[in-house]
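Structural description and commentary
So the chains spell out like this:
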Amino acid sequence: MAKLTLADLRKLRDEKQKSMDKRDPSNKDAQIIVGMGTCGIAAGAKETFNAIIEELDAKGISHVLVRQTGCMGLCHSEPTVEVIVPQMPVVIYGNVTAETGRKIVDDHIINKKLIDNHICDKPAMDIVR
Amino acid sequence: MGYKQYILVCGGTACESNKGVALFAALKKAVEENGLVNDVQVVRTGCLGFCEKGPIVKILPQDTFYVEVKPEDAVVIVKEHLIKGRVVSRLLYDKNQSKINVGIEGIDFYQKQFRIVLRNCGVIDPDKIDEYIARDGYKALEKALFEMKPQNVIDEVSKSGLRGRGGAGFPTGKKWSFAAMQPAGQKYMVCNADEGDPGAYMDRSTLEGDPHSVLEAMTIAGYAIGANMGYVYIRAEYPLAIQRLETAIAQAREYGLLGQNILGSDFSFDIELRLGAGAFVCGEETALLASIEGKRGMPSPRPPFPAVKGLWGRPTVINNVETLANIPVILLKGGLWFSKIGTATSKGTKVFALTGKINNSGLIEVPMGTTLREIIFDIGGGIRGGKAFKAAQTGGPSGGMIPPQFLDLPIDYESLAKIGSIMGSGGLIVMDEDDCIPDIAKFYLDFTVDESCGKCAPCRIGGRKLLNYLDAICKGDGTYEDIDNMKEISEAMSRASLCGLGQTASNPVQSSLRYFMDEYKEHIDDKKCRAGKCKNLLRYSIDTAKCVGCTACARVCPVNCISGERKQPHTIDSTKCIKCGQCFEVCKFHAVNRA
């Protein structure tokens, strides 16, 4: 990518905003976002991340994008994972071990059911959107 | 397939013990009886906070938040809310209690947290600049470069009332204007990411979760003060934060958001990292600058202030990570918007790393003026194990211990100073009845003595003396003369030390003497430590009436000082006992006494 001009930056922002709002990057309509700060990684977020990807592959699911993000602030419940599925509420799960990560794929993504005992509250509203 | 609505029932321990289980069953039953099994899922959650108002029920997707819900209320919630779509207003959380002016965003809102600094943390992928840009990233820079003069930028920051989040709370706009007023020439912008308080990780998380917000803010600051070079001074112990910053800097350079002629303007600015070796004193600005210059990290007297004579003798602005992360939002939403949040003297929000004896430890951001009670009990979910709150320490080793009578004090820079603590960078450590106050004071002094650079006598000698007195008190050898000396030394240290480290090092001692003198008295007069932390003051003995002679204690004792026949009461030879406490832990009959 070459250096941006002001017009380039604005165009890029518009495009990316649209794709983020649609939550539809590269034709995937659902997302699993794993908190990968030092805190999350120390609590096993990398294992969780890998388990989710393996489970998605094993079940032949291709419409889910798995992403990383920074700390969601819920240190008491690391690793934390946010799940965005169309027609379902956006949910943050806490204490997501590799096993619970696989459960997210099976129950939440496939069966469209929320998982007991792992839901955390969203800490605050979003001031950007 | 798929549910239309979800009932979330808090499954945290506080709510569970508060009839949460019965409520969960009642809601499930009500859903079944009304034939909604295929439309509504009842789910148990982790702790949702607000434990004092439990049990909590939340309805999705409407995001309705019900508090103090009883099992009897289940039918009403299902019939009214789920079937008829009518909110059960008597169970709602009182929205007027929110510290946030609802008018700011016009959103109904029960959360105590308000995220400006952490707006992107846990939302974007920190390794992807495009995601930052999509969330209005670099829009503030755009605005500054093409719509504002440097002076306008400084005015907007001044108007916001933003004060330094590193601890001392100096007005950011004023700091910038001092540097801007210096004659044009080489100037520098430095980001202080030398976070070193025990238990504090706000800056690390911000840099790991949203590195571009800090880079963007530094570039804006560079434009405002006339600097073309910036340094992030970050400790080498933060490898992930360093890695993400390096990625972010490379991406910003590639996009031309750092480097020559940013976005085609005539402003040029670049940023480099400087890694610190982990000395606490290097968080002090003059020591930090010395360290960047390759010298030993030691403070020097101010004035001259860095804004006049800083890095390599040139005007330099040093801002903390959190301070900077506020800047893009202030420019985009306006200083006025920002100044509406918080208290009269302290604007905006504060990020805290909430740790210690708390149920929901975490990284939180609340408006200035939030009370400790809201932070500890509503957001933090209360004290672990239902124990009693004893004190909270803000500001790490530079702060003071805050006793229970100030739980309802709205916290800002001034109110904390008034009660002998400081805002500090945001460590917030909660202590319960099992923590011994003199022992905690000793822990902090131990830290500051270790980290003192030794340049000035008040800090070098005073800190050591304080530590020695505290050590004696915890061993049961303390006297009231020691207390008097501690007060005098503390006073001298805060007045005569060269830098903030020494000036504030006695705060844990001063505040604990002020609020917890009874515990010091117990250690001195009765040779007693009520928390059972000070080993030398403990005595273990076995209650012969309760002891069944199971031998568990004798087997676990590392020095074999417990004797007795099987099925006969045992005894502890206190001359040999090393007070490790293992017998106390292992006894199932509560026969081991600790006094």
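Residues numbered from 1 in each chain as written. Chains lettered and ligands numbered in written order. Predicted model: local features only at pLDDT ≥ 70, side-chain atom pairs only at ≥ 80, totals over all residues.

**Digging into the overall build of chain A**
Note the cut-off: Only runs of H or I of at least four residues qualify as helices and only runs of E of at least two qualify as strands under DSSP, and these elements are numbered from the N terminus. Residues are scored as being in contact if the C-beta atoms we place from backbone atoms lie within 7 Å.
Within chain A, the regular secondary structure consists of four helices and five strands. Once the C-alpha set of chain A is aligned to its principal axes, its extents read approximately 45 × 30 × 25 Å. Looking at chain A alone, contacts between residues at least 24 apart form 64% of all its contacts between residues at least 6 apart.

**Focus: the overall build of chain B**
Selection criterion: Here the globule rule reads 2.2 Å times residues to the power 0.38, and the radius of gyration is calculated from C-alpha atoms.
Counting its secondary structure elements, chain B contains 23 helices and 17 strands. The globule rule puts the C-alpha radius of gyration for 595 residues at 25 Å, and the 28 Å found for chain B is close to it. A principal-axis box enclosing the C-alpha atoms of chain B has dimensions of 90 × 75 × 40 Å. For chain B, the proportion of contacts with a sequence separation of at least 24, taken over those separated by at least 6, is 71%.

**Here we look at the interface of chain B and chain A**
In plain terms, the rule: Note on residue classes: Ala, Val, Leu, Ile, Met, Phe, Trp, Tyr, Cys and Pro are nonpolar, Asp, Glu, Lys and Arg are charged, and everything else, Gly too, is polar.
Counting residues at the interface gives 56 residues for chain B, matched by 42 residues for chain A. At the level of elements, β1 (5–10), β2 (40–45), α4 (129–134), α5 (139–147), α8 (202–209), α10 (239–254) and β10 (362–367) of chain B are the ones that each hand at least two residues to the side of chain B that touches chain A. Residue classes in the side of chain B that touches chain A are distributed as 25 nonpolar, 17 polar and 14 charged.

**Comments concerning the sheet that holds strand β7 (residues 270–276) of chain B**
Residue and element names in this part refer to chain B. As a reminder, the rule being used: Only strands joined by at least two bridges in the DSSP assignment are considered to pair. Fitted lines through C-alpha atoms give the axes, limited to the stretch in contact for helices. The angle between two N-to-C directions lies from 0 to 180 degrees.
Here we have four strands laid out as an open sheet, ordered β7-β6-β5-β8, and parallel in their pairing. Bordering the open sheet on either side are β7 and β8 (316–320), each of which pairs with just one other strand. Each strand of the sheet is rotated relative to its neighbour by a mean of 20°, with strand direction disregarded. Seen against the sheet, helix α12 (residues 321–333) touches β5 (188–193) and β8 and runs at an angle of roughly 95° to β8.

**A word on the domain arrangement of chain B**
The condition that has to hold: Throughout the structure description, domain borders are defined by an automatic or database domain assignment.
In terms of domain boundaries, chain B breaks down into domain 1 (5–93), domain 2 (129–336), domain 3 (349–432), domain 4 (437–526) and domain 5 (538–594). Each of domain 1 of chain B and domain 2 of chain B has a C-alpha centre, and these two points are 46 Å apart.

**What to know about unusual backbone geometry**
Heads up, the rule is: Burial is judged by counting the other C-beta atoms within 10 Å of a residue's own C-beta: 20 or more makes it buried, 12 or fewer makes it exposed, and any count in between marks it as partly exposed, with every C-beta position built from the backbone.
Residue Glu78 of chain A is joined to Pro79 of chain A through a cis peptide bond whose omega torsion reads -10°. Cis peptide bonds are those with omega within 30 degrees of zero, and the linkage from Pro303 of chain B to Pro304 of chain B qualifies with 5°. Examined against the element boundaries, Pro304 of chain B turns out to sit in the loop between α11 (285–292) and β8. Positive phi, normally seen in glycine, also occurs at Lys112 of chain A, with a value near 55°. For Lys112 of chain A, the position within the fold is in the loop between α4 (98–110) and β5 (119–120). Positive phi is not limited to glycine here, since Lys567 of chain B has a value of about 60°. Given 10 C-beta atoms within a 10 Å radius, Lys567 of chain B is considered exposed.

**A word on the environment of Val232 of chain B**
All names here are of chain B. By secondary structure assignment, the location of Val232 is in strand β6 (residues 229–235). Since 26 C-beta atoms lie within 10 Å of it, Val232 is described here as buried. Along the sequence, Val232 and Asn320 sit 88 residues apart, while their C-alpha atoms lie 9.7 Å from each other. The residues contacting Val232, other than those within four sequence positions of it, are Cys191, Ala193, Leu245, Ile271 and Leu273.

**Concerning helix α1 (residues 13–33) of chain B**
Residue and element names in this part refer to chain B. The cut-off we apply is this: One less than the residue count of a helix, multiplied by 1.5 Å, gives the span that helix is expected to have.
With 21 residues, α1 should cover 30 Å at 1.5 Å per step; its first-to-last C-alpha distance of 28 Å lies within 8% of that length. Among all positions of α1, only Ala14, Cys15, Asn18, Gly20, Leu23, Phe24, Ala26, Leu27, Ala30 and Val31 are buried. Once α1 finishes, Gly35 follows within two positions and takes phi at roughly 65°, a positive value.

**Re the nonpolar core**
All names here are of chain B. Operational definition: We define the nonpolar core as any set of buried residues of the types Ala, Val, Leu, Ile, Met, Phe, Trp, Tyr and Cys, connected via C-beta atoms lying within 7 Å of each other.
Leu27, Ile220 and Ala221 are the most contacted members of the largest nonpolar core, which has 205 residues in total. If one sorts the elements of this core by residue count, helix α9 (residues 211–225) sits on top with nine residues. Aside from chain neighbours lying at most four places away, what touches Ala221 is Trp176, Met189, Val317, Asn319 and Ile327. In this structure, Ala552, Cys553, Ile562 and Ala591 belong to the second largest nonpolar core, which totals 12 residues.

**Structural notes on the sheet that holds strand β1 (residues 30–35) of chain A**
Residues and elements named next belong to chain A. Judged by pairing direction, the sheet is mixed, and its five strands sit side by side in the order β2-β1-β3-β4-β5 without closing on themselves. The outermost strands of the open sheet, each flanked by one partner alone, are β2 (64–69) and β5. By the bridge criterion, two bridges tie strand β4 (residues 91–93) to β5 in an arrangement that is antiparallel. Paired with Tyr93 across the bridge in β5 is Ile119. Docked against the sheet, helix α3 (residues 45–58) engages β1, β2 and β3 (81–84), running at close to 160° with respect to β1.

**Notes on helix α18 (residues 480–496) of chain B**
Side chains three or four residues apart in an α-helix point the same way, a direct result of the helix having 3.6 residues per turn. All names here are of chain B. Rules: As used here, the arc belongs to the directions running from the helix axis to the C-beta atoms.
The end-to-end C-alpha distance of α18 is 24 Å, a good match for the 24 Å that 17 residues give at a rise of 1.5 Å each. Turning to α18, its buried residues are Met486, Ile489, Ser490 and Met493. Down the axis of α18, the smallest arc covering the buried residues is 110°, so these residues share one side. Across α18 from its buried face, at more than 90 degrees, point the exposed residues Tyr480, Glu481, Asp484, Glu488 and Arg495. If you follow the buried residues of α18, they end up packed against α17 (457–475), α19 (500–505) and α20 (507–515).

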